[in-house]
Amino acid sequence: MFKNVIVKTPCKAVTQGITSAPELGQPDYSLALKQHAAYIEALKQCGVSVTVLPADESFPDSCFVEDVAVITPKCAIVTNPGAATRNQETKAIVPVLKQFFPEDKIEYITAPGTLEGGDVMMVGTHFYVGRSARTNEEGIKQFIAILEKHGLTGSEVPLTEVLHLKTGVNYIENNNMLVAGEFITKAEFAQYNKIVIPQSESYAANCIWVNGTVIVPCGYPTVEKAVKDAGYPVILVDTSEFRKIDGGLSCLSLRF
Ligand code: CIR
């Protein structure tokens, strides 16, 4: 169960966030703020305490707070984002993590290692780590060494089609895993009960489990039904403005 969630308010520069889909247009700032507020309300409905960090105009993508840290049941790991314009976003998360963890439970990925939290998927005490354009071999090596120091385990999952691991695969507990695209057939995930997502709704592979409820993005009826059919209560949240800059539900929070 999660007790805490950290989110970060989108800044006005969110309109300039990195995107692989410019054809979707720029995010509307005021709508992004409204959607972010609804996201916070959905999280609160799941019984977590939400820490809302102030917007930071220096970093257009800084609302995607998941990428700057990985929080495990044993320690917090400050990442080293591979995206140049995002790399220094980690500075602001360190004092926040210190409010929740003693210094000896805060670890760091360092250059030449790179790693972004969107590439990390927690399944119990095991962490799958996507090797992506943002997370490199050295980053994964450091990350797994940190996990092992704290009694946890990790393994690498190569990916080629999507931005981050969790862009295409998400664990929703009870052995259930939402899988899309290249993750549907990966041997690493053969042991799970896979909920296969059609290509037309692949964006909605990025749902989040929060204390028994699954938060699903608005507008993906096949995924909504599949998650409900798997027995979960569902809360829908509109993420249209974050989608325009490759962001989804998981990217917008740290849950622990
Ligand atoms: C980026 O390219 O870094 C942002 N525009 C989107 C980050 C999405 N984060 C995530 O999947 N964890």
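Residues numbered from 1 in each chain as written. Predicted model: local features only at pLDDT ≥ 70, side-chain atom pairs only at ≥ 80, totals over all residues. Heavy atoms only, no water.

Student: How do you make sense of the overall build of the protein when you look at a structure like this?
Tutor: Helices and strands together make up the secondary structure of the protein, namely six helices and 15 strands. Its C-alpha radius of gyration of 17 Å places the protein within 12% of the 18 Å reference for a compact globule of 256 residues. Taking the principal axes of the C-alpha coordinates as reference, the protein spans close to 45 × 45 × 35 Å. Burial analysis of the protein (256 residues in total) assigns 56% to the buried set. Residue pairs in contact within the protein that sit at least 24 positions apart in sequence constitute 67% of those at least 6 positions apart. (Helix = DSSP H or I, 4+ residues; strand = E, 2+ residues; numbered from the N terminus. Rg over C-alpha atoms; globule rule 2.2 N^0.38 Å. Buried < 20%, exposed > 50% of the residue type's maximum accessible area, 1.4 Å probe, protein only. Contact = heavy atoms within 4.5 Å.)

Student: Even after reading the chapter, I still don't get helix H3 (residues 137–149), so can you show me in this structure?
Tutor: Residue pairs three or four apart in sequence face the same way in an α-helix, which turns once every 3.6 residues. Over its 13 residues, H3 runs 18 Å from end to end, which matches the ideal 18 Å to within 8%, given 1.5 Å per residue. All buried positions along H3 are accounted for by Gly139, Ile140, Gln142, Phe143, Ile144, Ile146 and Leu147. Contacts from the buried residues of H3 go to strand S3 (69–71), strand S4 (76–78), strand S5 (106–108), strand S6 (120–123), strand S7 (126–131) and strand S8 (153–158). Looking one or two residues past H3, Gly151 carries a phi angle of roughly 80 degrees, positive in sign. (Expected span 1.5 Å × (residues − 1).)

Student: Looking at this structure, how should I read the site of the ligand?
Tutor: Near the ligand you find 13 residues, and of these Ile18, Asp61, His164, Ile245 and Cys251 are the closest. Arg134 places a polar side-chain atom, nitrogen or oxygen, 2.8 Å from an oxygen atom of the ligand. Separating a nitrogen atom of the ligand from a backbone N or O atom of Ile245 is a distance of 2.7 Å. Within the complex, the protein chains bury 99% of what would otherwise be the 350 Å² of accessible surface of the ligand. (Near = heavy atom within 4 Å. Polar contact = N/O pair within 3.5 Å; in protein donor to acceptor, adjacent residues only side chain to side chain. Areas by Shrake-Rupley, 256 points an atom, 1.4 Å probe, with all protein chains shown as cover.)

Student: Explain helix H5 (residues 221–229) to me, please; I cannot follow it from the model alone.
Tutor: Along H5, the positions that sit buried rather than exposed are Val223, Glu224 and Val227. Seen end-on, H5 carries its buried residues on one side only, within an arc spanning 100 degrees. Pointing more than 90 degrees away from the buried face of H5 are the exposed residues Pro221, Lys225 and Asp229. Where H5 is buried, its residues touch strand S10 (176–179), strand S13 (213–217) and strand S14 (234–237). A positive backbone phi angle near 100 degrees is found at Gly231, which sits one or two residues after H5. (Arc of directions from axis to C-beta.)

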